[in-house]
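# Residue-level structural notes
Chain by chain, the residues:
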Amino acid sequence: MDTLETRELRYFMAVAEELHFGRAAERLGMAQPPLSRAIQQLERRLGVSLLERNRRGVSLTGAGEVLLHEGRAALDATTAAARRTRRAGGADSPDGSRNRLVLAVKAAGSHELLRKLLDAHAAEPDAAEIEVLPCGLCEQEGMLRDGRADVALMHAPFNSLAGFDSEELLTEGQVAVLPARHPLAARTTLSVAEVSDIPDLPLARWPSHGVYSPGPGPEIHDQTQLAQLIALGRTVAVFPDSARAWLWAEHAAVPLTDAPPVVTHIAWPPHSRSLALARLIRTAAQL
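As the structure is a computational prediction, the values presented were derived from the model and not from experiment.

## Overview of the sheet that holds strand β10 (residues 237-240)
Sheet architecture is open: three strands sit in the order β10-β7-β11, paired in antiparallel fashion. Whereas interior strands pair on both sides, the edge strands pair on one side only; in this sheet they are β10 and β11 (251-255). Within the sheet, the average angular offset between the axes of one strand and its neighbour, ignoring direction, is 35 degrees. Here strand β7 (residues 174-179) runs beside β10; their pairing, made up of four bridges, is antiparallel. Across the sheet, A176 pairs through a bridge with V238, a residue of β10. Relative to β10, helix α8 (residues 223-231) is tilted by about 125 degrees, and along the sheet it contacts β7, β10 and β11.

## Structural notes on the layout of surface pockets
Each pocket or cavity is described by its volume, and for the largest pocket that value is around 600 Å³. In terms of lining residues, the largest pocket is bounded by 30 residues, among which L203, A204, W206, A237 and V238 are the most central. Examining the composition of the lining of the largest pocket, we find that four residues originate from one element, β10, more than from any other. A breakdown of the residues in the lining of the largest pocket according to their chemical character gives 21 nonpolar, six polar and three charged.

## Examining empty space enclosed by the protein
Going through the model one piece at a time under the given rule, you end up with one cavity of 30 Å³ or more. When its volume is computed, the largest cavity comes out at roughly 60 Å³. Looking at side-chain class alone, the lining of the largest cavity contains five nonpolar, four polar and two charged residues.

## Quick look at the pairing of strand β5 (residues 151-156)
For β5, a buried count of five out of six residues is recorded, marking the element as mostly surrounded by other parts of the structure. Across five bridges, the pairing between β5 and strand β12 (residues 262-268) is antiparallel. Along β12, the bridge assignment pairs H155 with T264.

## Quick notes on the pattern of salt bridges
Within this structure, the stated rule accounts for 18 salt bridges. Across the salt bridge formed by E112 and R115, the nearest N and O atoms sit 2.4 Å from each other. Remark: R115 and E112 occur in helix α5 (residues 111-122); sequence separation between them is three residues, near one turn of the helix. Taking relative accessible area as the criterion, E112 reaches 38% and is therefore assigned partly exposed. Put simply, E17, E18, R23, R27 and R72 are held in one network by salt bridges that share partners.

The rules we used
- Residues numbered from 1 in each chain as written.
- Predicted model: local features only at pLDDT ≥ 70, side-chain atom pairs only at ≥ 80, totals over all residues.
- Heavy atoms only, no water.
- Pairing = 2+ DSSP bridges.
- Helix = DSSP H or I, 4+ residues; strand = E, 2+ residues; numbered from the N terminus.
- Axes fitted to C-alpha atoms, helices over the stretch in contact; angles between N-to-C directions.
- Contact = heavy atoms within 4.5 Å.
- 1 Å grid on protein atoms, 1.4 Å probe; cavity = no way out; pocket = protein on both sides within 12 Å on 5 of 7 lines; lining within 4 Å.
- Points joined across faces, edges and corners; volume = space filled by probe spheres on them.
- Nonpolar A, V, L, I, M, F, W, Y, C, P; charged D, E, K, R; others polar.
- Buried < 20%, exposed > 50% of the residue type's maximum accessible area, 1.4 Å probe, protein only.
- Salt bridge = Lys/Arg side-chain N within 4 Å of Asp/Glu carboxyl O.

Interpretation note: all reported values are geometric properties and have no functional meaning in isolation.
Laid out in structure tokens, this is it:
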């Protein structure tokens, strides 16, 4: 048996992620017995055990771990196909526009580069409409994979470019963004070690794939919250130098001497055959 149905994958993914048949059934909006039967039938068809079931609960087998990883990619691909097909046909546009691309960008990231790209693209004949989709830290990858975006501005080493085609657009240093009244704000440069160990100013923590790293700093949910917490003297953050564009008067940016450079790429799915996307990539490469 070399094929899987989308429904089977969704059932298995719910159980694999919840590791509890009751919670998975509730998430899927179905009763537990038919869900259990569907998983058992899937295991018989594949000829392998996907789950270990015992008194302590449910856990994944080695085969289940593989299907969890592969299943996510497969479901993302089917979702992306549906979203991009609807977008190509104008089904999700209020005016029925069929010449539209969704560009995912980290909120407040590469502001000047983004402005130049949009202006240069708009000047091209028959330019596609560009919908800019702001997102949180490291969310661009998921948006490209599941079709919410057609193209993205991504920042190495923070974003993974694995599985995408990309063009390098900009290389820049990093700065520490501090409260303007903090003593360190008067420095001309700082080191990463100095910024990581300020007793009264812990580093802000962003989620990576929905999980916050441990630490004393506040958990950041959006750019506005971060800007306010820095202004109030509650946290410090590290950003590419281009972040200066969104700073408030209550902020100060101090260059970091030993932070690795940040490289901004424009990235897109390698299988794309969109002429509108090809034109946008060409414009970006010429900036």
